[in-house]
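Here's the letter readout for the chains.
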Amino acid sequence: MTLQLQAPSLGASISSFVSPLRRSTHRFVIRAKAEPTDKSVEIMRKFSEQYARKSGTYFCVDKGVTSVVIKGLADHKDSLGAPLCPCRHYDDKPAEAGQGFWNCPCVPMRERKECHCMLFLTPENDFAGKEQTISLEEIKESTANM
Amino acid sequence: MDTVVSNSALLSIPQLPPVRSVTSSSYSSTPFSQSLEINETQFRDSVLNSDRPVLVEFVANWCGPCRLISPAMEWVAQEYKDRLAVVKIDHDANPRLIEEYKVYGLPALILFKNGQEVPESRREGAITKAKLKEYVDALLESLSVA
């Protein structure tokens, strides 16, 4: 009975604790790797296969690298609306995505076939594999522990 | 976790870092990890005030080449543990460090000694284990001569 009577006032005092808690949870969510949507992963997977064929480049011999990058692109597509390269730091991501230089395929890739993210590798690259295809299952499997 | 990290500064770091370093899970899957992930609040103690040179690796969550060099970095941490400390820093979670050291391409390696960035030690992108060894040997050699 006493508890019930105290409940409303408790409720009022609890609310002052809620915001800092929320804030830290929010930060946690941002820092933890948010999974990109399946739809965006599939779009970027298909794009990657097509662009590898078109540019005469190959996926990394370690398809885990390919998978991680495809997911990173999908993540940026979800959050920024554009597949900004996930292998760089940007002071202002939305501005960078709007500008487009580092949207995949980035300018260095289009002009010189330089993909520092190692999604598209020219055949002579130390890390180039022989494949230009990757399945959704491969992407899921190789990023399962992330 | 094998605690062969012999640097006293590193050992003094709390075992459970604050919320910000939750992204570490994607990089510390190796069971006997020698390479420690730190955040900007730990930077002064574990890097700037370290009594040994510290090789700092800046990484991103969805960065393929960061993942690719991870085993080689673990190898360096183990192989050079009596001469060198190796730490990893997530770029998204530590913007102040990124701003201070102007890191853009990832992964980025920078060697620190006596609280200073070692000139010409900065390196971006994936690297084979053999080339990483050459890089570390050359840097350690130059430090011992200097």
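Up top is the structure.
Here the structure is a predicted model, which means the values were calculated and not measured. (Residues numbered from 1 in each chain as written. Chains lettered and ligands numbered in written order. Predicted model: local features only at pLDDT ≥ 70, side-chain atom pairs only at ≥ 80, totals over all residues. Heavy atoms only, no water.)

Undergrad: Looking at this model, I keep getting lost on the pairing of strand β4 (residues 108-113) of chain B. Mind explaining?
TA: Consecutive residues of a regular strand have side chains that alternate between opposite faces of the sheet. All names here are of chain B. Extensive coverage of β4 is indicated by the burial of 5 of its 6 residues. Sheet topology places strand β2 (residues 54-59) next to β4; 5 bridges connect them, and they run antiparallel. Paired with Val-54 across the bridge in β4 is Phe-112. When β4 meets strand β5 (residues 116-117), the two strands line up antiparallel, connected through 2 bridges. (Buried < 20%, exposed > 50% of the residue type's maximum accessible area, 1.4 Å probe, protein only. Helix = DSSP H or I, 4+ residues; strand = E, 2+ residues; numbered from the N terminus. Pairing = 2+ DSSP bridges.)

Undergrad: Could you clarify how one ought to interpret the nonpolar core in this entry?
TA: Where a protein is soluble and globular, its nonpolar side chains tend to be buried together. If you look at the biggest cluster of nonpolar residues, it comprises 46 residues, and the most contacted ones within it are A:Leu119, A:Phe120, B:Phe43, B:Val47, B:Val56 and B:Phe58. Among the secondary structure elements, those contributing two or more residues to this core are α2 (38-55) and α3 (63-80) of chain A together with α2 (43-48), β2, β3 (85-90), α4 (95-101) and β4 of chain B. With 5 residues, the top contributor of residues to this core is α2(A). For A:Phe120, the contacting residues outside a window of four places in its chain are A:Phe47, A:Ser48, A:Tyr51, A:Ala52, A:Thr57, A:Tyr58, A:Phe59, A:Cys104, A:Met109 and A:Cys115. With 19 residues, the next largest nonpolar core counts B:Leu55, B:Val76, B:Leu139 and B:Leu140 among its residues. (Core = buried A, V, L, I, M, F, W, Y, C linked by side-chain atoms within 4.5 Å. Contact = heavy atoms within 4.5 Å.)

Undergrad: How do you make sense of the state of the cysteines when you look at a structure like this?
TA: Put plainly, a disulfide is one covalent bond tying together the sulfur atoms of two cysteines. Going through the model one piece at a time under the given rule, you end up with 2 disulfides over all chains. Across the disulfide, A:Cys87 is cross-linked to A:Cys117 (sulfur-sulfur distance 1.8 Å). As the torsion about the S-S bond is roughly 60°, the A:Cys87-A:Cys117 disulfide counts as right-handed. You can see A:Cys87 sitting in the loop between α3 and α4 (93-99) and its partner A:Cys117 sitting in the loop between α5 (107-112) and α6 (136-142), a full 30 residues away along the chain. For the pair A:Cys87 and A:Cys117, one class covers both residues: buried. Between the sulfur atoms of B:Cys63 and its disulfide partner B:Cys66 the distance amounts to 2.3 Å. Torsion about the S-S bond of the B:Cys63 and B:Cys66 cystine: about 80°, corresponding to right-handed handedness. Here A:Cys85 stays free of any disulfide, with the sulfur of A:Cys117 as its closest cysteine sulfur at 4.0 Å. Residue A:Cys106 stays outside any disulfide, its sulfur separated by 6.3 Å from that of A:Cys85, the closest cysteine. Overall, the relative accessible area of 8% leaves A:Cys106 in the buried class. (Disulfide = S-S within 2.5 Å.)

By themselves, these are just geometric observations and shouldn't be taken as functional.
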